[in-house]
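Residue-level structure breakdown
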Amino acid sequence: MNSVEKQRVYRRLESTQSVKNSQAMYYFQSKNPYLHDEGKKIAWITSGGPVEFLVAMDIIPLYPEQYGAIAGSAKDSTRLSQVAESHGYSQDICAYARTSFGSILSPESPTPLSEIDGVGGLATPDMLICGNNICGTVLKWYQDLARIYKIPLFIFDTPPLTDDKISSYYIEYLTTQMSEYITFLESEMNKQMDIEILTEVFQNSKHAIELWTKILSLGEAIPAPLNCADRFLLMAPVVSQRGTSETVSLYEEVYQEVQTRVDNSEGAITVPEQYRLLWDNIPIWFNLYDFYNTLAQKGVVFPVDTYTNAWSQNFQESGDLLKDAAVMYSNIYLNKTLQHKIDLVSVLAKKYQCDGILYHSMRSCKRYSLGQPITRVEVTEKTNIPGTLIEGDMNDSRAYSEGQVMTRIDALLELIDTQRN
Amino acid sequence: MLSDIKSEMLSHPLEYYLENYFEALAEFDKQSIPMIGYFTNKTPVELLDAMNLHPLRIFAFKHPKSHQGAYERYIQTFACSWLRGILDNGLVDGYNDLKGIMFSTGTCDSLQNVSDIWQKVFPNQLTYNLTFPIQSNTAASKYLVNEFKQFISVLQDNFGWSSSFNLKESIQKYNLKRKILQNIANFVSKGHLNYASLAKITYVSDLLLVDEFTRLFRDFSAPDGKSSSSQEETPRLLVSGGMWDNWKLFDIPEWDGLVADDLSFGYRNFNYLIPETDSLESYVKSQLARIPEPTAYDENHRLESLGKQIKEHKIDGVVLLTMKFCDPDAFELVPLRKHLESLEIPYLNLETSPDLSNLAQLRTRLSAFSEILQ
Ligand code: SF4
Ligand code: SF4
């Protein structure tokens, strides 16, 4: 395949501006110098952490992982990782963690959230909330944050699920922790949790997740209305602000626009769609637009990915809020078995009529990546859809070689061509 | 014959059993001793013993037939070197003599994923993943009691009920083993035995039947006499780290001053005793009270314990041993360093893999460290 000149071949989605504005406001509010006087506090929380409880208590949740993605997109994550390494953090650990430590320990100012508020890194936390339903790494990461900031850390422990059935004692363990979580927050905020507000926040969360799931499902259309980079940007509110009514309104707007695209048979890319690929794992943040744009020039579009799908889990209501929350927060993609991942990738690849699968093998994230060689073989056996692994990282550009990656992708595209003929 | 193994035990140096690890497995199998292989020091060995199963630790010793790199079909190169070696061994049927493999996972992402991968690669072997809680409070104890009960019922389904199930007796046996190891560790601290011997004895203790080990080592005593004056001048070292399991690393003169450890399969595997009762609740409680591994959340317990050991053994310097690509070790390094700095104890970080591919470099750095301490 010949190299093609770099030109923008993706279609801009108007509602992404609303998402950006909303994120800007969110970060701006977190920097409010009178925040404590207004009875608010800041919590840093992991991406799989139970955020609704914070929203209900007037605590602003901030996500070091999301900050990592922002620093990555701003092409500053490698520098920040190096700062962390110079303070003794190994280059082998998750680059989100290194980016986060780097931003805290950087002698210069941390990555400006320039796209967002132009006033520096994440606001200093008052407390830390860590859910290990995404990986074990976050536990060590937050343990160290607690040491650095000398602030309280609440751990929401969700042992990895070893099969599809969740035992009653497992749920009981998690539900008890939900109660302890409330007690912890009440003590930190010196006020009672209002269960009515909490229920309302969970309802907002549920609606946001439902809308997000509907938006993702529109990707089944041909041509695909959204590409990977679109979804990676649009996902920010469902990660960080999912308990708010603003997120619900925002996603209603996004949904309308994407639906219109589908109705008009307008694709996410402006060139004819030739290859539909599934993306597995976190994106290459430091090369986000270039990467997908370069592939889009070859007619490659990604109608679906496992990463943004991870926020589409359903909140089932049984009438016991804490128990329902416990079930939802354990039933997370990365907390489940390899078999579950194989099944899900197979289902998604078929449902979204993919021609191939790209597995981003990231040394930063062992939980997401280790096992991908098996997934690749088994998914192809099940679906007859070929896939390939590309080596890289979401935030550390030193672990990424564009030449090698593009060669592997070209080989996959050729294989797809051969299978078609 | 098992009896041959026993007699060889007495006539061969300890390394015989470590060097011939895979042959020992085959011998146990021939003797119809049902073995369950385990990976971490959290494994409830007493429960396995009570079920008449022999808990046998899985080491990353290289199988004579293993092809280095065979693992790449299943896991990527950035998995820790320890797990890669083990998968290589498994792929040449190195662990086929085991009736089952058990993972006791906490927060090590690599181990967690490999537990799933193992089930895929070796579908005919019973693979069990016992997931430990991070917390150690009442809710966590309750959860773990149920996890253990579930585990027992799976063992029962696969191997039948052991009518002689007696948890208390198994705890007594393992407590005795731990006391023997504590005693031997004392000899090392006093300079009457070198650390490599302790490592070998500890490793062998996780290989032999527990009764056999206690019979052989119950009256163990190190050569009598005071440490020589040259030993007294040698700086006293402690090695701290995770799942290190290659004794050969310690069998070099550069470790002469090594008198204590803080390793998963060393001190942290024998420093505790469990209340001798039949109560699963009490068993779980004492398991959760142990010094946390690098994989676990730990506010201060491990650091405090390390500080105590440094005082007790009059340590001059600490070697922080990390396994290549082991995230938990890498993360733990930062608080450990800070803690040692606050105690004004010099330290050295050595990173390596079970195949000791950088041994020459490690030796140079170790001797330079000892020189600085002198
Ligand atoms: S290890 Fe993976 S799941 Fe965990 S924080 Fe890093 S990128 Fe996220
Ligand atoms: S704790 Fe470290 S050495 Fe042990 S399995 Fe995990 S990564 Fe490997």
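Keep in mind it's a predicted model, so treat the numbers as computed, not measured.

What follows is about the overall build of chain A. What chain A contains, in helices and strands, is 18 helices and eight strands. Against the globule reference of 22 Å for 421 residues, chain A gives a C-alpha radius of gyration of 21 Å, in line with a compact fold. Projected onto the principal axes, the alpha-carbon positions of chain A cover approximately 65 × 50 × 40 Å. Looking at chain A residue by residue over its 421 residues, the buried ones come to 64%. Restricting to contacts in chain A with at least 6 residues of sequence separation, those with at least 24 account for 78%. Computing the positive centroid from 36 side-chain charges and the negative centroid from 52, chain A places the two 5 Å apart.

With that settled, the discussion passes to the side chain of B:Gln135. Residue placement: B:Gln135 occurs in the loop between strand 4 (126-131) and helix 7 (138-159). Using a relative accessible area of 16% as the deciding quantity, one classes B:Gln135 as buried. In terms of polar contacts, B:Gln135 uses its side chain to reach the backbone carbonyl oxygen of A:Ile155, at 2.9 Å. What B:Gln135 contacts, discounting residues up to four positions off in sequence, is A:Ile155, A:Asp157, A:Tyr173, A:Gln177, B:Ala140 and B:Leu288.

Looking now at helix 14 (residues 301-312) of chain B. Residues and elements named next belong to chain B. Here helix 14 is 12 residues long and its end C-alpha atoms lie 16 Å apart, about the 16 Å a rise of 1.5 Å per residue gives. Of all the residues in helix 14, the buried ones are Arg-302, Leu-303, Ser-305, Leu-306, Gly-307, Gln-309 and Ile-310. Each element contacted by the buried residues of helix 14 is listed here: strand 5 (237-241), strand 6 (258-262), helix 12 (267-270), strand 7 (317-323) and helix 15 (327-343). A positive phi of about 50 degrees marks Lys-314, the residue just after helix 14.

Next up on the list: the site of ligand 2. All names here are of chain B. Close to ligand 2 lie Cys-80, Leu-83, Cys-108, Met-243, Thr-295, Met-323, Cys-326 and Pro-328, which account for all nearby residues. Class assignment for the residues of the shell around ligand 2 results in seven nonpolar, one polar and no charged. Looking at which domains feed residues into the shell around ligand 2, each of domain 1 (2-159) and domain 2 (225-373) gives three or more.

Here helix 7 (residues 168-189) of chain A is 22 residues long and its end C-alpha atoms lie 31 Å apart, about the 32 Å a rise of 1.5 Å per residue gives. The positive-phi residue at the C-terminal boundary of helix 7 of chain A is A:Asn190, with phi of around 55 degrees.

This part takes up the packing of helix 5 (residues 95-105) of chain A against helix 6 (residues 137-149) of chain A. Residue and element names in this part refer to chain A. For the pair helix 5 and helix 6, the least separation of the axes is 11 Å and the interaxial angle reads 10 degrees. Classified by the angle their axes make, helix 5 and helix 6 are roughly parallel. Residues Tyr-96, Ala-97, Ser-100, Phe-101 and Ile-104 of helix 5 form the contact with helix 6, whose own contacting residues are Trp-141, Asp-144, Leu-145, Ile-148 and Tyr-149. Its residues assigned to classes, the contact of helix 5 with helix 6 comprises eight nonpolar, one polar and one charged.

Listed by partner, the interface residues are 46 residues for chain B and 49 residues for chain A. Taken together, the two surfaces of chain B and chain A that pack against each other cover about 4,200 Å², and 59% of this comes from carbon and sulfur. For the chain B face of the interface with chain A, the top three residues by lost area are B:Phe78, B:Lys120 and B:Phe331, together amounting to 19%. B:Asp327 is the partner of A:Lys366 in a salt bridge, and the nearest nitrogen-oxygen pair spans 2.8 Å. Linking chain B with chain A are 23 residue pairs in polar contact (both at pLDDT 80 or more), by the criterion used here.

What follows covers the packing of helix 12 (residues 288-296) of chain A against helix 18 (residues 402-420) of chain A. Residues and elements named next belong to chain A. Viewed as axis vectors pointing N to C, helix 12 and helix 18 meet at an angle of 35 degrees, and their least axial separation amounts to 12 Å. For the element pair helix 12 and helix 18, the recorded crossing hand is right-handed. Across from Phe-291, Thr-294 and Leu-295 in helix 12, the residues of helix 18 making contact are Val-405, Met-406 and Ile-409. By residue class, the composition of the contact of helix 12 with helix 18 is five nonpolar, one polar and no charged.

By the definition in use, this model includes 47 aromatic pairs over all chains. Measuring from ring centre to ring centre gives 5.4 Å for A:Phe154 and A:Phe184, while their planes differ by 40 degrees; the resulting arrangement is tilted. In this pair, A:Phe154 sits in strand 4 (residues 153-156) while A:Phe184 sits in helix 7, placing the two residues 30 residues apart along the sequence. A single burial state applies to A:Phe154 and to A:Phe184, both of which are buried. Ring centres of A:Phe232 and A:Trp285 lie 5.9 Å apart, and the angle between their planes is 65 degrees; this geometry places the pair in the edge-to-face category. With a gap of 53 residues between them, A:Phe232 in helix 9 (residues 228-234) and A:Trp285 in the loop between strand 5 (275-280) and helix 12 connect regions that are remote in the sequence. Judged by its relative accessible area of 7%, A:Trp285 falls in the buried class. Here the guanidinium or amino end of A:Arg8 rests over the ring plane of A:Tyr10, the centre of that ring lying 4.9 Å away. Note that B:Arg57 overlies the ring of B:Phe265, its terminal NZ or CZ placed 3.7 Å from the centroid.

Let us look at the site of ligand 1. All names here are of chain A. Near ligand 1 you find 13 residues, and of these Cys-94, Cys-135, Ile-282, Cys-365 and Met-394 are the closest. Among the elements that make up the shell around ligand 1, the one with the highest residue count is helix 6 (three residues). Taken together, the residues of the shell around ligand 1 sort by class into 10 nonpolar, two polar and one charged.

In sheet architecture, strand pairing relies on hydrogen bonds along the backbone and comes in two forms, parallel and antiparallel. All names here are of chain A. The strand order across the open sheet formed by four strands is 6-5-7-8, and the pairing between neighbours is parallel. Strand pairing shows two members of the sheet lacking a second neighbour, strand 6 (300-305) and strand 8 (387-392), which therefore form its edges. Neighbour-to-neighbour, the strand axes of this sheet turn through a mean angle of 35 degrees, independent of strand direction. As judged from the four bridges shared by strand 5 and strand 6, these two strands associate in the parallel manner. Among the inter-strand pairings, Tyr-275 is bridged to a residue of strand 6, identified as Val-300. Lying on the sheet, helix 12 is in contact with strand 5, strand 6, strand 7 (356-362) and strand 8; it crosses strand 6 at an angle near 125 degrees. Packing against the sheet, helix 17 (residues 372-383) makes contact with strand 5, strand 7 and strand 8, and its axis sits at approximately 170 degrees to strand 7.

What follows concerns unusual backbone geometry. Residues and elements named next belong to chain A. Residues Ile-222 and Pro-223 are joined by a peptide bond in cis, for which omega reads 0 degrees. Checked against the element boundaries, Pro-223 lands in the loop between helix 8 (195-217) and helix 9. Positive phi values are uncommon outside glycine, yet Lys-75 reaches one of about 55 degrees. Tracing the chain through its elements places Lys-75 in the loop between helix 3 (64-73) and helix 4 (77-86). The backbone of Asn-190 shows a phi angle near 55 degrees, a positive value even though the residue is not glycine.

With that settled, consider the environment of A:Ala69. All names here are of chain A. With respect to the element layout, Ala-69 can be found in helix 3. Considered as a pair, Ala-69 and Ile-284 are 215 residues apart in the sequence and their alpha carbons are 9.1 Å apart. Among all residues touching Ala-69, those that are not within four sequence positions of it are Tyr-96 and Trp-285.

Quick look at the side chain of B:His339 now. Tracing the sequence through the fold places B:His339 in helix 15. Setting aside anything within four residues of it in sequence, one finds B:His339 in contact with B:Leu303 and B:Gly307.

Conventions used here
Residues numbered from 1 in each chain as written. Chains lettered and ligands numbered in written order. Predicted model: local features only at pLDDT ≥ 70, side-chain atom pairs only at ≥ 80, totals over all residues. Heavy atoms only, no water. Helix = DSSP H or I, 4+ residues; strand = E, 2+ residues; numbered from the N terminus. Rg over C-alpha atoms; globule rule 2.2 N^0.38 Å. Buried < 20%, exposed > 50% of the residue type's maximum accessible area, 1.4 Å probe, protein only. Contact = heavy atoms within 4.5 Å. Lys, Arg positive; Asp, Glu negative; His and termini not counted. Charge placed at Lys NZ, Arg CZ, Asp CG, Glu CD. Polar contact = N/O pair within 3.5 Å; in protein donor to acceptor, adjacent residues only side chain to side chain. Expected span 1.5 Å × (residues − 1). Near = heavy atom within 4 Å. Nonpolar A, V, L, I, M, F, W, Y, C, P; charged D, E, K, R; others polar. Domains from an automatic or database assignment. Axes fitted to C-alpha atoms, helices over the stretch in contact; angles between N-to-C directions. Parallel < 35°, antiparallel > 145°, perpendicular 65-115°, else oblique. Buried area = accessible area lost by both parts, 1.4 Å probe. Salt bridge = Lys/Arg side-chain N within 4 Å of Asp/Glu carboxyl O. Left-handed = near helix turned anticlockwise from the far one by under 90°. Phe/Tyr/Trp six-rings, centres within 6.5 Å; stacked < 30°, edge-to-face > 60°. Lys NZ or Arg CZ within 6 Å of the ring centre and 35° of its normal. Pairing = 2+ DSSP bridges.

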